[in-house]
Amino acid sequence: MAAIDAGLARVEGQCRGLRRMVEERRGCEEILQQLVAARNALDRIGCDLLVCNLEGALEGEPLTEAGRRRVEAAVGAVMRLR
């Protein structure tokens, strides 16, 4: 969960930066680029949360690295559907 907390802290900083960019009337393209970066970071955090939840659902056993990659790929595919 430390990685998730760190990711959320990064997104929080990105959001403060976005607000500052809007206040400074920076270019739309520049703001949109940062907005996409923040959204991608949130998607990654969502994926990490789902993987963590799935690991817990699998009798508390941590996944192997190969198993984790398969779960992450599946979660990524589901998230792209939205």
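Being a predicted model, the structure only gives us computed values, none of them experimental. (Residues numbered from 1 in each chain as written. Predicted model: local features only at pLDDT ≥ 70, side-chain atom pairs only at ≥ 80, totals over all residues. Heavy atoms only, no water.)

Peer 1: Explain the confidence of the model for the protein to me, using residue names and the numbers behind them.
Peer 2: The pLDDT averaged across the protein works out to 86; a share of 90% of its residues lies at or above 70. Taking the mean pLDDT of every element in the protein, the minimum, 79, falls on helix α3 (residues 65-81) and the maximum, 94, on helix α1 (residues 2-23). (pLDDT = per-residue confidence, 0-100. Helix = DSSP H or I, 4+ residues; strand = E, 2+ residues; numbered from the N terminus.)

Peer 1: Tell me what's going on with the pattern of salt bridges, and back it up with residues and numbers.
Peer 2: Under the definition given, this model contains six salt bridges. In this structure, the salt-bridge partner of Asp 48 is Arg 44, at a minimum N-O distance of 2.8 Å. With Asp 48 and Arg 44 both in helix α2 (residues 28-57), this residue pair falls four residues apart, about one helical turn. Taking relative accessible area as the criterion, Arg 44 reaches 40% and is therefore assigned partly exposed. One connected set of salt bridges, linked through shared partners, spans Glu 24, Arg 26 and Glu 30. (Salt bridge = Lys/Arg side-chain N within 4 Å of Asp/Glu carboxyl O. Buried < 20%, exposed > 50% of the residue type's maximum accessible area, 1.4 Å probe, protein only.)

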